[in-house]
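# Architecture and fold: a report
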Amino acid sequence: MRGGAVPTAAALLALAACTTGPSLENRGQVTAPPGDRHHLTIGSAGFTESDLLAQMYAQLLNQAGYKTSLISVNNRELYEPALESGQIDVVPEYAATFADWLNAKTHGADARPVGSPDLDATMKALRALATPRGLTVLPPGRAVDQNAFAVAGAYARQHRLSTLSDLGASGLKVRLAAGDECVQRPYCEPGLKRVYGIDITGIDPKGVGTTQAKRAVQSGRDQMVLTTTTDATLDQFGLVLLADDKHLQNADYVVPVVNRSRAGSPRVAKALGKLNSVLTTEDLADMNRQVDSWRRLPADVARTYLKDKGLLK
């Protein structure tokens, strides 16, 4: 990887000083011609999937002639202001989650969410919030990392379950392993009851996709676990996802977000857009598995994937 070393903790803390985007009197600058800096800093949110995406972004930009460096900041409250200020130029984000985060930042914590299962509506809302902050949201691809629900494979076969609708129609009583906030979140217990008619008898507060939560379902203590669509370890516990066939979950498609004044050029968009036609949710899950279970380095996994897809020489 070309560019400097990963910044120290002290450098990351310095990002906290940049807590706002363009000032009100300078907001007109966001309509200036998009920039095309030669050296771009790629941000990662510090978890496996974000590291993988950041590595792929950097390697594609390197091939397009840019010099890149990577920075890991595992707190959106730090890396988003740094993206606005230009200390970070590119980050991988998730459409609905980032839209709701910017909406709360702009309109307050009690603002009505703008992320939804409708990708087009979510992208429209996201871009309307990002543009005044000097950010450009590039087109999403096919990969999505949404909340998802899994059951034991044997349980699914026994009751002929492949979708959440199947589970609702079965009338089975379900104890759900999830975070304790699941009781109130519309995509979780309330949504499962309202949209699918699933009989949730209780929440086992073991967290989202944790080992303890998966083991509880594997053992039969619980019948279902809240996890994500790119969870790479389900098969280790004999678990399978049930399809969200009525689209309860928000459109958390992977989207690159760039600082317009530094990385808003068509050349950057073209380089990163090469992922859109190939990267799938299943690909992300497989790469997560290689890092988390096989202990491969994200940079190596990303490079192998891009070469196998013909995107890297």
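The structure displayed is predicted, hence computed values, not measured ones.

### A look at empty space enclosed by the protein
Inspection of the entire model under this criterion finds one cavity of 30 Å³ or more. In this model, the largest cavity occupies a volume close to 90 Å³. Every residue along the wall of the largest cavity is listed here: Leu53, Tyr57, Gly141, Arg142, Ala143, Val254, Val255, Pro256, Leu272, Leu275, Asn276 and Leu279. The element best represented in the lining of the largest cavity is strand β10 (residues 254–259), accounting for three residues. A breakdown of the residues in the lining of the largest cavity according to their chemical character gives nine nonpolar, two polar and one charged.

### Regarding the confidence of the model for the protein
Per-residue confidence for the protein averages 91 on the pLDDT scale, and 90% of its residues sit at or above 70. This model gives residues 1–10 a pLDDT under 50, and the stretch forms 20 contacts once residues within four places in sequence are excluded.

### Quick look at the nonpolar core
Soluble globular proteins tend to pack their nonpolar side chains together in the buried interior. Counting residues in hydrophobic clusters, the biggest one holds 34 residues, and the most contacted among them are Ile42, Met56, Leu275 and Leu279. If you list the elements that add at least two residues to this core, you get β1 (39–44), α2 (48–63), β3 (90–94), β10, α11 (266–273), α12 (281–292) and α13 (298–308). Per-element tally for this core: the top contributor is α2, with eight residues. Excluding residues that lie within four positions of it along the chain, Leu279 makes contacts with Leu53, Met56, Arg142, Ala143, Leu284, Met287 and Tyr305. Core analysis: the next-biggest nonpolar cluster, separate from the first, contains 33 residues, Ala156, Val217, Val225 and Leu248 among them.

### Some points on helix α4 (residues 95–107)
Taking 1.5 Å per residue, 13 residues should reach 18 Å; α4 reaches 18 Å between its end C-alpha atoms and fits that length. Residues of α4 that are buried: Ala95, Ala96, Phe98, Ala99, Trp101, Leu102 and Asn103. Buried residues belonging to α4 abut α3 (76–85), β3, α5 (119–130), β4 (135–137) and β10. Positive phi appears at Gly108, one or two residues downstream of α4, with a value of about 105°.

### A word on the state of the cysteines
Taken as a whole and assessed by the stated rule, the structure comprises one disulfide. The disulfide that involves Cys182 links it to Cys188, with 1.8 Å between the sulfurs. Measuring the twist about the S-S bond at about -85°, one finds the Cys182-Cys188 disulfide to be left-handed.

### Description of the sheet that holds strand β6 (residues 173–178)
With mixed pairing, the five strands of this open sheet are ordered in space as β7-β6-β8-β5-β9. In the strand order of this sheet, the two ends are held by β7 (199–205) and β9 (239–242), each with one partner. The average undirected angle you get between the axes of adjacent strands in this sheet is 40°. Both strand β5 (residues 147–152) and β9 contribute to a ladder of four bridges, which runs antiparallel. Note that in β9 the partner of Ala150 across the bridge is Leu241. Helix α8 (residues 189–196) rests against β5, β6, β7 and β8 (224–228) of the sheet, and its axis sits at about 165° to β7. On top of the sheet, helix α9 (residues 211–219) reaches β5, β6, β7, β8 and β9; it is set at about 145° to β8, its chief contact.

### As for α11
Among the residues of α11, Val268, Ala271 and Leu272 are the ones counted as buried. With its buried residues spanning 90° around the axis, α11 presents them on a single face. In α11, those exposed residues whose orientation departs by more than 90 degrees from the buried face are Pro266 and Lys270. Elements in contact with the buried residues of α11: β1, α2, β3, β10 and α10 (260–263).

### Overview of the side chain of Thr163
Looking at the element boundaries, Thr163 is found in the loop between α6 (153–159) and α7 (164–170). A polar contact of 3.3 Å, which involves the side chain of Thr163, links it to the backbone nitrogen of Ser165. Not counting residues up to four positions away in its chain, the partners in contact with Thr163 are Leu242, Ala243 and Asp245.

### Thoughts on the packing of α12 against α13
Look at α12 against α13: their axes get within 9 Å of each other, and the N-to-C directions meet at 140°. In terms of orientation, α12 lies oblique with respect to α13. For the pair α12 and α13, the sense of crossing is right-handed. Facing α12, whose interface residues are Asp283, Met287, Gln290 and Val291, α13 presents Pro298, Val301 and Tyr305. Considering only residue class, the contact of α12 with α13 consists of five nonpolar, one polar and one charged.

Rules used throughout
Residues numbered from 1 in each chain as written. Predicted model: local features only at pLDDT ≥ 70, side-chain atom pairs only at ≥ 80, totals over all residues. Heavy atoms only, no water. 1 Å grid on protein atoms, 1.4 Å probe; cavity = no way out; pocket = protein on both sides within 12 Å on 5 of 7 lines; lining within 4 Å. Points joined across faces, edges and corners; volume = space filled by probe spheres on them. Helix = DSSP H or I, 4+ residues; strand = E, 2+ residues; numbered from the N terminus. Nonpolar A, V, L, I, M, F, W, Y, C, P; charged D, E, K, R; others polar. pLDDT = per-residue confidence, 0-100. Contact = heavy atoms within 4.5 Å. Core = buried A, V, L, I, M, F, W, Y, C linked by side-chain atoms within 4.5 Å. Buried < 20%, exposed > 50% of the residue type's maximum accessible area, 1.4 Å probe, protein only. Expected span 1.5 Å × (residues − 1). Disulfide = S-S within 2.5 Å. Pairing = 2+ DSSP bridges. Axes fitted to C-alpha atoms, helices over the stretch in contact; angles between N-to-C directions. Arc of directions from axis to C-beta. Polar contact = N/O pair within 3.5 Å; in protein donor to acceptor, adjacent residues only side chain to side chain. Parallel < 35°, antiparallel > 145°, perpendicular 65-115°, else oblique. Left-handed = near helix turned anticlockwise from the far one by under 90°.

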